[in-house]
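What follows is each chain in one-letter form.
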Amino acid sequence: TRSLRLEALEAREVPAAVGALDPSFGTAGLVTPIPGVDLHGTAVTAAGKIVVVGSAGADAFAARFNPDGTPDLT
């Protein structure tokens, strides 16, 4: 025989409305632009780190941020 049971779910909160900035990310939802760097792409790692790549003149540029938008100092 089969029986149905109810289970409590964990709290699920959406930090920002769809299409809006997430105020818990960086400063008010933004990460400060890096002067002199043209950003060309972003990716999110399996660990939730944010990787950005770009160029500064003839030099390549890459940076990694934590999921909350703070610089990843590792």
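Since this is a predicted model, take the numbers as computed values, not measurements. Residue positions are given per chain, counting from 1 as you read along its sequence in written order. Side-chain atom pairs in this predicted model are given and counted only at pLDDT of 80 or more, local residue features only at pLDDT of at least 70, and totals for whole chains, interfaces and linings cover all residues. As a rule here, side-chain values cover all heavy atoms of the structure and leave hydrogens and water aside.

Trainee: Help me out: how do you make sense of the environment of Ala56 in this one?
Mentor: Where helices and strands are cited, they refer to DSSP runs of H or I of at least four residues and of E of at least two residues respectively, numbered from the N terminus. With respect to the helices and strands, the residue Ala56 is situated in strand β2 (residues 50-56). A residue is classified by how much of its surface remains accessible, and Ala56, at 28% relative accessible area, is partly exposed. Separated by 20 residues in sequence, Ala56 and Gly36 place their C-alpha atoms 5.9 Å apart. Sequence-distant contacts of Ala56, defined by excluding residues within four places in its chain, comprise Gly36 and Val37. The rule is simple: take the accessible area with a 1.4 Å probe, protein chains only, and divide by the maximum for that residue type; under 20% is buried, over 50% is exposed, in between is partly exposed. Only heavy atoms enter the contact rule, under which two residues are in contact if any of them lie within 4.5 Å.

Trainee: Where do I start with the side chain of Asp72 in this structure?
Mentor: Relative to the assigned elements, Asp72 resides in the segment after β3 (59-65). Owing to a relative accessible area of 13%, Asp72 belongs among the buried residues under this scheme. Only 3.2 Å separates the side chain of Asp72 from the side chain of Lys49, close enough to count as a polar contact. Two N or O atoms count as a polar contact when they lie within 3.5 Å, although within protein this holds only if one can serve as hydrogen donor and the other as acceptor, and sequence-adjacent residues are included solely when both atoms are side-chain atoms.

Trainee: Help me out: how do you make sense of the pattern of salt bridges in this one?
Mentor: Any two side chains of opposite charge can pair if their charged atoms end up close together. Salt bridge criterion: a side-chain nitrogen from Lys or Arg within 4 Å of a carboxyl oxygen from Asp or Glu. Enumeration according to the criterion identifies 2 salt bridges in this entry. Across the salt bridge formed by Asp72 and Lys49, the nearest N and O atoms sit 3.2 Å from each other. With Asp72 in the segment after β3 and Lys49 in the loop between β1 (38-44) and β2, the pair connects residues that are 23 residues apart, well separated along the chain. With a closest N to O distance of 2.6 Å, Asp72 and Arg64 form a salt bridge. On the accessibility criterion, Arg64 (36% relative accessible area) is partly exposed. Within the structure, one salt-bridge network assembled from shared partners comprises Lys49, Arg64 and Asp72.

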